[in-house]
Amino acid sequence: MAAKAAPPRPVHPDIERILLEEPQLQARIKEMGRQISRDYAGRKLTLIGILRGGVVFLGDLMRAITLDCSVDFMCLSSYSGKGSTGAVRVLLDLRDSAEGRDLLVVEDIVDTGLTLHYLLDNLRTRGPRSVEVCALLDKAECRKIEVSAKYVGFKIPNEFVVGFGLDYNEKYRNLPYVGVLRSGGK
Ligand code: 5GP
């Protein structure tokens, strides 16, 4: 029996507007995967997924990469609610050694840059061959410290967004699009 097409999913009532629709996200992630596959040909690529916001992006990106690569995870804490606390803590560290590996940090979003700045300094002490960043979203105008991501999916304005892995107090991560949360949040 042929499967019936699923009815369109309604936009979540807490979302003011959608910034990036799923097909747009998927098309860009496929492009990024192709570029990474070209750039890292013949190298020992390890993708470092940053929990929890980066997991949805990582899941799609890794399937768009056609090279052999390994995947490891870190969990950092710097945010509570809608604001950065500035202080970064490692809640979960890599399982494997980073020595001699080409590390590609896979992040959901770069905002002030404080989290990534801390993370990159931390990873460089571990003797990797290289460390680069692949971020789905970049709020470049919010930077408090200089960090550059080699791969950026989309530059977005200074608005608080959720969905596609990004949360507000652990909600909305499972939305298939990136949307701006109504002011006040839920
Ligand atoms: P940064 O240290 O660059 O200010 O912030 C990095 C982290 O803050 C991101 O990995 C993400 O978890 C969180 N963050 C920054 N901006 C947003 C946003 O607009 N929405 C959500 N949900 N999280 C954000």
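Residues numbered from 1 in each chain as written. Predicted model: local features only at pLDDT ≥ 70, side-chain atom pairs only at ≥ 80, totals over all residues. Heavy atoms only, no water.

*Asks:* Teacher, can you tell me more about the site of the ligand here?
*Replies:* Lining the immediate surroundings of the ligand are 16 residues, of which Asp108, Thr112, Thr115, Val161 and Asp167 lie closest. Between the ligand and the protein, one listed contact pairs an oxygen atom with a side-chain N or O atom of Thr115 at 2.4 Å. Within the backbone of Val161, one N or O atom sits 2.7 Å away from a nitrogen atom of the ligand. Out of a free accessible area of 510 Å², the ligand has 92% covered by protein chains. Looking at the shell around the ligand, the elements with two or more residues in it are strand 5 (102-110) and helix 3 (114-124). Its residues assigned to classes, the shell around the ligand comprises seven nonpolar, three polar and six charged. (Near = heavy atom within 4 Å. Polar contact = N/O pair within 3.5 Å; in protein donor to acceptor, adjacent residues only side chain to side chain. Areas by Shrake-Rupley, 256 points an atom, 1.4 Å probe, with all protein chains shown as cover. Helix = DSSP H or I, 4+ residues; strand = E, 2+ residues; numbered from the N terminus. Nonpolar A, V, L, I, M, F, W, Y, C, P; charged D, E, K, R; others polar.)

*Asks:* It is not clear to me how the nonpolar core should be interpreted in this structure. Could you clarify?
*Replies:* Soluble globular proteins tend to pack their nonpolar side chains together in the buried interior. Ile36, Phe57, Leu61, Leu104, Cys134, Leu136 and Leu137 are the most contacted members of the largest nonpolar core, which has 26 residues in total. Every element with two or more residues in this core is listed here: helix 1 (22-39), strand 2 (45-51), helix 2 (55-64), strand 5, strand 6 (130-138), strand 7 (151-155) and strand 9 (178-181). Among the elements that make up this core, the one with the highest residue count is helix 1 (four residues). Excluding anything up to four places from it in sequence, Phe57 contacts Ile29, Met32, Val106, Glu107, Cys134, Ala135, Leu136 and Phe164. (Core = buried A, V, L, I, M, F, W, Y, C linked by side-chain atoms within 4.5 Å. Buried < 20%, exposed > 50% of the residue type's maximum accessible area, 1.4 Å probe, protein only. Contact = heavy atoms within 4.5 Å.)

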